[in-house]
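Geometric and topological summary
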Amino acid sequence: MKNNFMKNTHEINTNPITLKELYVIISEDKKLKLSQEAASKIQNCRNYLDNKILNSTKNDKPIYGVNTGFGSLCNNIISNDNLEELQKNLVVSHACGYGDEVPVEIVKLILLLKIKSLSYGNSGVQLKTVNRLIEFYNNNIIPVVYQQGSLGASGDLAPLAHLSLPLLGLGEVYISDSNGSHKKSLTKNILKKMGWDPLNLKAKEGLALLNGTQFMTAYALWSLFFSYKLSYLSDLIASCSLDAFDCRNEPFNKLVHLLRPHNGQINTAKNIRDFLEGSDLFYSAKKQVQDPYSFRCIPQVHGATKDAIKHVSNTVLTEVNSVTDNPNIIVEEDQIISAGNFHGQPLALTLDYLAIALSELGNISERRTYLLNSGQRGLPPYLIKNSGLHSGFMITQYTAASIVSQNKQLCTPASIDSIVSSNGQEDHVSMGANSATKLYRVIENLKSILAIELMNASQGLFFRKKSSSDFIESFLEVYRQEISFLEKDRILHDDIHKSVIFLNNVNIDQELLF
């Protein structure tokens, strides 16, 4: 039993965590535990801070967030008798998020990232505070957090305040039932059920919990997991479309891409060649001299997105493995330094970039859908027999175009904006939280766009006399068990929905993803 627990447990330590490790933790629903090293660092930092406070005199300079107010109230000195009340007041007053709730799976990521950041022992929290966060995580007790409220600069203050309320016995949480669904409950009722007492936060703890970029970073991680998957699926679905539209194979020749050796471009061309290996359609003689860019330039366009994903991964992983609260406590140097590691600009810029890169996968996908519907190259108009009486896939292209247009609107960078807050003390903010939440919407939209292209490609291949590759034929055989050939008009909303679910359920070996 102990061996099984250890096998399904990830130990939080001070070593950098990789994207693959994070993916395994989430996909295999691993439990968390602190390493002895991390626990010692957390406790040593807390002891250091307690001693600083105990031995402080009126002549000592104040420590921001420990015995001062917050934001523009930083010059207000707080007496030692009120330090714990100060931290509770901070959490309660900042819990003013609004809007839609953050999806449970992303809140669980926020918990993981907050635990990781606190584990370095530079934040001054109590060990029992981190252990309670781990107990929440391991027992799937997930705080209710709202999407709106963070400016992405003083940390994700409002969302992380809602994340922290349950430590005090306040707010609401989701708990998982035996069927895996989530039920909302008052935190106080769950603490009573678990036999846990609310925690009393000590000096600086509230600030350590609320400062930090974990809201943005959790959205970033979720987005990266899906970005790698959707990049792979874009190549696969495009391969189906290439054969459905009877395209030439020369643009995917390895020799071409070695002349312009962007990694993403090279890898995309290789994916296409691998997917279509042995395809009678792909390697047959063609009448046309060239194909439109949406087919011919798949390696260049999809490849650029791959390179963007890789760039964003590097930035996000740095953030995951960082201390982003304030002030920072460096015990070995006997220093407590108030600075700005909570500012989300690195994330804001890269998440806006990722949104644009992923939006382009949808943009070029819709163009392929349009051409598959165009009645060219031996395909019937709108991919339906007896078109005229039947409209076939005509409106699926409209739907894809509408979603693509919305993605273009969502790709206006949030990071170009800044609004002064806290009475001018926080006069430049990243708006990275808005970058993060709109990126989420871009990804959800991209799933639908690709699902529509796959519907059209699958239908188009029915009209070809020659076969595609064994890999593509096998893939579509499974797909067509869910979305069958369209003989006559039917409600295609249902098919789109099934197609999205199908793509969500496709399992891809992580070695092919990262």
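Placed above this text is the structure.
The structure reproduced in this document is the subject of the present report.

**So, the sheet that holds strand 4 (residues 141-143)**
With antiparallel pairing, three strands are arranged side by side in an open sheet as 4-6-7. Two strands close off the open sheet at either side, each with one partner strand: strand 4 and strand 7 (182-186). Neighbouring strand axes in the sheet, compared pairwise and without regard to direction, differ in orientation by 35° on average. As paired strands, strand 4 and strand 6 (residues 172-176) are joined by three bridges and run antiparallel to one another. Paired with Ile-141 across the strands is Ile-175, a residue of strand 6. Taken strand by strand, helix 8 (residues 187-194) contacts strand 4, strand 6 and strand 7, and its axis lies near 95° from that of strand 7.

**Focus: the layout of surface pockets**
Counted as a void, the second largest pocket has a volume near 630 Å³. As for the second largest pocket, its lining consists of 25 residues, and the residues nearest its centre are Asp-60, Lys-61, Pro-62, Ile-63 and Asn-67. At the level of elements, helix 3 (36-54) and strand 9 (335-337) are the ones that each hand at least two residues to the lining of the second largest pocket. Counted by class, the lining of the second largest pocket contains twelve nonpolar, eight polar and five charged residues.

**A look at the pattern of salt bridges**
In the structure shown here, the tally under the stated rule is 21 salt bridges. Its salt-bridge partner being Asp-352, residue Lys-438 comes within 3.2 Å of it at the nearest N-O pair. With Lys-438 in helix 17 (residues 432-462) and Asp-352 in helix 15 (residues 345-372), the pair connects residues that are 86 residues apart, well separated along the chain. The same class applies to Lys-438 and to Asp-352, which are both buried.

**Description of the packing of aromatic side chains**
Inspection of every chain in the model, using the stated rule, returns 17 aromatic pairs. Taking 5.1 Å as the distance between ring centres and 80° as the angle between the ring planes, the aromatic pair formed by Phe-282 and Tyr-283 counts as edge-to-face. You can call Phe-282 buried: its relative accessible area is 0%. Overall, Tyr-283 belongs to the partly exposed group, its relative accessible area being 46%. We note Arg-367 situated over the ring of Tyr-370; from NZ or CZ to the ring centre the distance is 4.5 Å. Positioned above the aromatic ring of Phe-462, the side-chain terminus of Arg-480 is 4.0 Å from the ring centre.

**Describing the packing of helix 15 against helix 17**
It is the contact of helix 15 with helix 17, at a shortest axis distance of 9 Å, that shows an interaxial angle of 20°. Looking at the two axes, helix 15 sits roughly parallel to helix 17. Between helix 15 and helix 17 lies a crossing of left-handed hand. Considering only residue class, the contact of helix 15 with helix 17 consists of 16 nonpolar, seven polar and five charged.

**Thoughts on helix 7 (residues 157-164)**
One turn of an α-helix holds 3.6 residues; hence residues three or four places apart share an orientation. Among the eight residues that make up helix 7, seven are buried, leaving the element largely enclosed by the rest of the structure. Residues Ala-158, Pro-159, Leu-160, Ala-161, His-162, Leu-163 and Ser-164 constitute the buried set of helix 7. Against the buried residues of helix 7 lie helix 4 (83-94), helix 5 (104-118), strand 4, strand 5 (146-148), helix 9 (205-210) and helix 10 (214-244).

**Examining empty space enclosed by the protein**
Within this structure, the stated rule accounts for two cavities of 30 Å³ or more. The volume enclosed by the largest cavity comes to roughly 50 Å³. Taken together, Phe-393, Met-455, Ser-458, Gln-459, Phe-462, Tyr-479, Arg-480, Ile-483, Ser-484 and Phe-485 make up the lining of the largest cavity. The class makeup of the residues in the lining of the largest cavity is six nonpolar, three polar and one charged. In terms of lining residues, the second largest cavity is bounded by Leu-113, Ser-117, Thr-213, Gln-214, Thr-217, Glu-319 and Val-320. Contributing elements (two or more residues each) for the lining of the second largest cavity: helix 5, helix 10 and helix 14 (298-320).

**So, the packing of helix 12 (residues 263-275) against helix 14**
Across the interface, helix 12 lies against helix 14 with an axial gap of 7 Å and an inter-helix angle of 125°. Classified by the interaxial angle, the pair formed by helix 12 and helix 14 is oblique. The handedness of the crossing between helix 12 and helix 14 comes out as right-handed. Contacts between helix 12 and helix 14 involve Asn-263, Gly-264, Gln-265, Asn-267, Thr-268, Ala-269, Asn-271 and Ile-272 on the former and, on the latter, Ile-298, Pro-299, Gln-300, His-302, Gly-303, Lys-306 and Asp-307. Across the contact of helix 12 with helix 14, the residue classes tally to four nonpolar, nine polar and two charged.

About the thresholds
Residues numbered from 1 in each chain as written. Predicted model: local features only at pLDDT ≥ 70, side-chain atom pairs only at ≥ 80, totals over all residues. Heavy atoms only, no water. Pairing = 2+ DSSP bridges. Helix = DSSP H or I, 4+ residues; strand = E, 2+ residues; numbered from the N terminus. Axes fitted to C-alpha atoms, helices over the stretch in contact; angles between N-to-C directions. Contact = heavy atoms within 4.5 Å. 1 Å grid on protein atoms, 1.4 Å probe; cavity = no way out; pocket = protein on both sides within 12 Å on 5 of 7 lines; lining within 4 Å. Points joined across faces, edges and corners; volume = space filled by probe spheres on them. Nonpolar A, V, L, I, M, F, W, Y, C, P; charged D, E, K, R; others polar. Salt bridge = Lys/Arg side-chain N within 4 Å of Asp/Glu carboxyl O. Buried < 20%, exposed > 50% of the residue type's maximum accessible area, 1.4 Å probe, protein only. Phe/Tyr/Trp six-rings, centres within 6.5 Å; stacked < 30°, edge-to-face > 60°. Lys NZ or Arg CZ within 6 Å of the ring centre and 35° of its normal. Parallel < 35°, antiparallel > 145°, perpendicular 65-115°, else oblique. Left-handed = near helix turned anticlockwise from the far one by under 90°.

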